[in-house]
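Residue-level structure breakdown
Residues per chain are reported as follows:
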Amino acid sequence: MANNKKTYKTGEKAEENGTYKVDSLVSGGSTENDNTEIKLEEGEQFPPSPSSNEAAHWVKVS
């Protein structure tokens, strides 16, 4: 079964308020040390990964 979670890329704007975490790095690098969760309001921009400062794919966790 396909995983249909919505991901957001660094630089995109949040579609809704929520808590998000890094799912993967755009470069394909390891995210094993990146457990950071961030809170964003609707319209705020997704930042780079807090641990590596690289572009990342984010997923909503709550």
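In this report, the structure presented in the accompanying data block is examined. (Residues numbered from 1 in each chain as written. Predicted model: local features only at pLDDT ≥ 70, side-chain atom pairs only at ≥ 80, totals over all residues. Heavy atoms only, no water.)

A closer look at the overall build of the protein chain
This is how it is decided: Secondary structure follows DSSP: runs of H or I at least 4 residues long count as helices, runs of E at least 2 residues long count as strands, and numbering of each begins at the N terminus. Only the C-alpha atoms count toward the radius of gyration. The rule for a globule is 2.2 Å times the residue count to the power 0.38. Between buried and exposed lies partly exposed: a residue is buried under 20% and exposed over 50% of the maximum accessible area for its type, with that area taken using a 1.4 Å probe on protein chains only. By the convention used here, residues are in contact when the closest approach between their heavy atoms is within 4.5 Å. Only the protein chains shown count as cover for residues, with accessible areas throughout obtained via the Shrake-Rupley method and a probe of 1.4 Å. Positive charge is attributed to Lys and Arg, negative charge to Asp and Glu, and no charge count is given to His or to the chain ends. Charge positions come from single atoms, namely NZ of Lys, CZ of Arg, CG of Asp or CD of Glu.
Counting its secondary structure elements, the protein chain contains zero helices and four strands. Along the protein chain, helices (α) and strands (β) appear in the sequence β-β-β-β when read from the amino end. Relative to the globule expectation of 11 Å for 62 residues, the C-alpha radius of gyration of the protein chain, 11 Å, shows essentially globular dimensions. The principal-axis extent of the C-alpha atoms belonging to the protein chain is close to 30 × 25 × 15 Å. Counting only residues that meet the buried cut, the protein chain has 26% of its 62 residues in that class. Within the protein chain, residue pairs in contact and separated by at least 24 positions form 65% of the contacts whose partners lie at least 6 positions apart. Total accessible area on the protein chain is roughly 4,200 Å²; 41% of this is exposed by carbon and sulfur atoms. Across the protein chain, the mean location of the 7 positive side-chain charges is 3 Å away from that of the 11 negative side-chain charges.

Details of the nonpolar core
What counts here: We define the nonpolar core as a collection of buried residues of types Ala, Val, Leu, Ile, Met, Phe, Trp, Tyr and Cys that are connected through side-chain atoms lying within 4.5 Å of one another.
Counting ten residues, the largest nonpolar core is built from Y8, A14, Y20, V22, L25, I38, L40, F46, A56 and W58. At the level of elements, β2 (18-25), β3 (37-40) and β4 (56-60) are the ones that each hand at least two residues to this core. With three residues, the top contributor of residues to this core is β2. Setting aside chain neighbours within four positions, we find Y20 in contact with Y8, A14, T36, E37, I38, L40, F46, W58, V59, K60 and V61.

Quick notes on the pattern of salt bridges
For the record, the criterion: Salt bridges are identified by distance alone: a Lys or Arg side-chain nitrogen within 4 Å of an Asp or Glu carboxyl oxygen.
For the structure on display, the rule yields three salt bridges. Of the charged contacts in the structure, one is a salt bridge between E15 and K6, with a shortest N-O distance of 3.8 Å. Judged by relative accessible area, E15 falls into the exposed class, the value being 51%. Residue K6 is classed as partly exposed on the basis of its relative accessible area, which comes to 45%. Close ionic contact of E16 with K60 constitutes a salt bridge, the shortest N to O distance being 3.1 Å.

Purely geometric stuff here, so don't read any function into it on its own.
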